[in-house]
Amino acid sequence: MHIFSTPAEMRAWSDARRATGRRIGFVPTMGALHTGHLALIADAADRTDDVVVSIFVNPLQFNEVGDFNGYPRPIDDDVAACEQAGVAAVFAPTAAAMYPTGFQTRVVPGPLGAVMEGPKRPGHFEGVLTVVVKLFGAVRPHVAVFGQKDYQQLRIITQMAADLEFGIDVVGHPIVRDPDGLAQSSRNVRLTDAERAAAVAVPRSLDAAIAAAGAGDAVADVIGAATSVIDAEDAALLEYVTVFDAITLIEFDDLADVPPMPGIARIATAVWFGDVRLIDNRDLFELSDA
Ligand code: AMP
């Protein structure tokens with residue numbers, strides 16, 4: 001497995017592979033790899049010939065210094081996990097290699113970035129899009145796999161790739177969960193044991209909302225069902241829960257005209273446990289055997 005630390009080295013390898021007709025799959029990550037990331041790698045491997053994984057804790061997308069500094073960085077474990085997963089190349093640049101003196105360009109999302117996480121995390125999606133464009137430029141993939149865990153991010157990147165003619169197939173992979181339902185996240189390791197136990201309230205809150213939606217309840221009651229599960233958990237502090245159009249991300253204030261079918265409406269939430277912020281989302285009308 002190759003390990004590259006500059007965009008130029010990464011691109012040279014990728015261009016050489018492309019020249020032989022190989023298709024490149026790409027999984028961008030911030031490291032601290034878990035089985036959610038490994039599922040994305042397996043998905044990319046199914047679709048392409050050579051998988052590249054980037055490991056870069058992108059300073060541009062953090063809106064809190066504490067979150068950036070506290071973000072786990074087990075690089076040796078991550079490299080071993082990539083090797084084990086059959087990854088062809090790891091791209092692990094330094095911040096100086098990605099943002100050398102004089103770097104100044106930013107990529108700005110459209111209205112998809114103005115809702116949900118956008119206002120809560122000023123500058124976040126601009127930082128995400130800017131790094132993703134840079135990573136795409138270095139890795140030059142045919143296919144890039146992102147998790148539905150960060151559903152808004154997936155939508156914004158899909159839109160950007162289409163709007164700007166990247167010619168990259170952006171694929172969304174379903175959320176990988178722990179056995180109790182908590183979505184896997186690199187931030188989960190920062191939870192205390194008590195907080196980790198309490199965090200099951202997050203997927204349970206979405207279960208409650210989905211059950212309410214399935215019973216034909218109004219949006220306020222669907223959100224109320226989720227809210228009461230979080231509010232019943234002392235260690236949890238709800239930041240938001242919202243029901244929205246799966247494509248435009250525009251909030252629904254009424255479900256009366258929304259067909260109760262998969263792929264139309266989603267519910268997303270952000271919940272704090274101490275200083276750790278967890279996000280989750282689900283299809284509001286997913287098939288029960290999905
Ligand atoms: P991160 O390292 O957290 O920036 O995540 C890198 C990629 O993995 C992103 O596309 C995430 O959406 C995706 N991802 C993270 N956690 C999960 C999960 N539990 N299930 C599916 N995809 C995930």
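The structure contained in this document is the topic of the report that follows. Small disclaimer: the values here were computed from a predicted structure and weren't measured. (Residues numbered from 1 in each chain as written. Predicted model: local features only at pLDDT ≥ 70, side-chain atom pairs only at ≥ 80, totals over all residues. Heavy atoms only, no water.)

## Things to note about the site of the ligand
- Around the ligand lies a shell of 16 residues, among which M30, G147, D150, V176 and Q184 are the nearest.
- One nitrogen or oxygen atom from the main chain of M30 is found 2.9 Å from an oxygen atom belonging to the ligand.
- A distance of 2.9 Å separates an oxygen atom of the ligand from a polar atom in the side chain of H37.
- In the complex, 93% of the free accessible area of the ligand, which totals 480 Å², lies under the protein chains.
- Elements represented by at least two residues in the shell around the ligand include exactly β2 (24-29), α2 (35-47) and β5 (143-147). (Near = heavy atom within 4 Å. Polar contact = N/O pair within 3.5 Å; in protein donor to acceptor, adjacent residues only side chain to side chain. Areas by Shrake-Rupley, 256 points an atom, 1.4 Å probe, with all protein chains shown as cover. Helix = DSSP H or I, 4+ residues; strand = E, 2+ residues; numbered from the N terminus.)

## Examining the pairing of β2
- Among the six residues of β2, six are classified as buried, and the element is accordingly described as predominantly covered.
- Here β2 shows two buried faces, one formed by I24, F26 and P28 and the other by G25, V27 and T29.
- Where β2 meets strand β3 (residues 50-55), six bridges bridge the pair, whose relative direction is parallel. Across the sheet, residue T29 finds its bridge partner in β3, namely I55.
- A crossover links β2 with its parallel partner β3, the connecting element being α2, and its sense is right-handed. (Buried < 20%, exposed > 50% of the residue type's maximum accessible area, 1.4 Å probe, protein only. Pairing = 2+ DSSP bridges. Right-handed = clockwise from strand over helix to strand, strands pointing away.)

## Considering the packing of aromatic side chains
- Evaluation of the coordinates by the stated rule reveals nine aromatic pairs.
- Aromatic pair F4 and W13: ring centres 6.0 Å apart, planes at 45°, arrangement tilted.
- Classification of F4 as buried rests on a relative accessible area of 12%.
- Judged by relative accessible area, W13 falls into the buried class, the value being 11%.
- With a centroid separation of 6.2 Å and 70° between ring planes, the pair formed by F26 and F136 is classed as edge-to-face. One end of the pair, F26, is in strand β2; the other, F136, is in helix α7 (residues 124-139), with 110 residues separating them in the sequence. For the residue pair F26 and F136, the accessibility class agrees, reading buried in each case.
- Put simply, the rings of F26, F136, F146 and F166 touch in pairs and so form one group of aromatic residues.
- The side chain of R73 reaches across the aromatic face of F68, ending 4.7 Å from its centre. (Phe/Tyr/Trp six-rings, centres within 6.5 Å; stacked < 30°, edge-to-face > 60°. Lys NZ or Arg CZ within 6 Å of the ring centre and 35° of its normal.)

## Quick look at empty space enclosed by the protein
- With the rule as written, the count across this model stands at one cavity of 30 Å³ or more.
- For the largest cavity, the calculated volume is near 50 Å³.
- Lining the largest cavity are K149, L182, A183, S185, N188, V202, L278, I279 and D280.
- No other element matches the three residues that strand β9 (residues 276-283) contributes to the lining of the largest cavity. (1 Å grid on protein atoms, 1.4 Å probe; cavity = no way out; pocket = protein on both sides within 12 Å on 5 of 7 lines; lining within 4 Å. Points joined across faces, edges and corners; volume = space filled by probe spheres on them.)

## Observations regarding the packing of helix α1 (residues 7-19) against α7
- With their axes 7 Å apart at the nearest point, α1 and α7 run at an angle of 50° to one another. Comparing their axes, α7 and α1 come out oblique. Contacts from P7, M10, R11 and S14 of α1 reach α7 at G137, A138 and V139.
- Among the residues making up the contact of α1 with α7, the classes are represented as four nonpolar, two polar and one charged. (Axes fitted to C-alpha atoms, helices over the stretch in contact; angles between N-to-C directions. Parallel < 35°, antiparallel > 145°, perpendicular 65-115°, else oblique. Contact = heavy atoms within 4.5 Å. Nonpolar A, V, L, I, M, F, W, Y, C, P; charged D, E, K, R; others polar.)

## Topic: the sheet that holds strand β8 (residues 265-273)
- One open sheet holds the three strands; their spatial order is β7-β8-β9, and the pairing between them is antiparallel. Among the strands making up the open sheet, the edge pair consists of β7 (236-245) and β9. Each adjacent strand pair in this sheet contributes to an overall mean axis angle of 15°, direction not counted.
- Strand direction decides the pairing type here: β8 and β9, joined by eight bridges, are antiparallel. Residue I267 lies in a different strand from β9, and its bridge partner there is R282.

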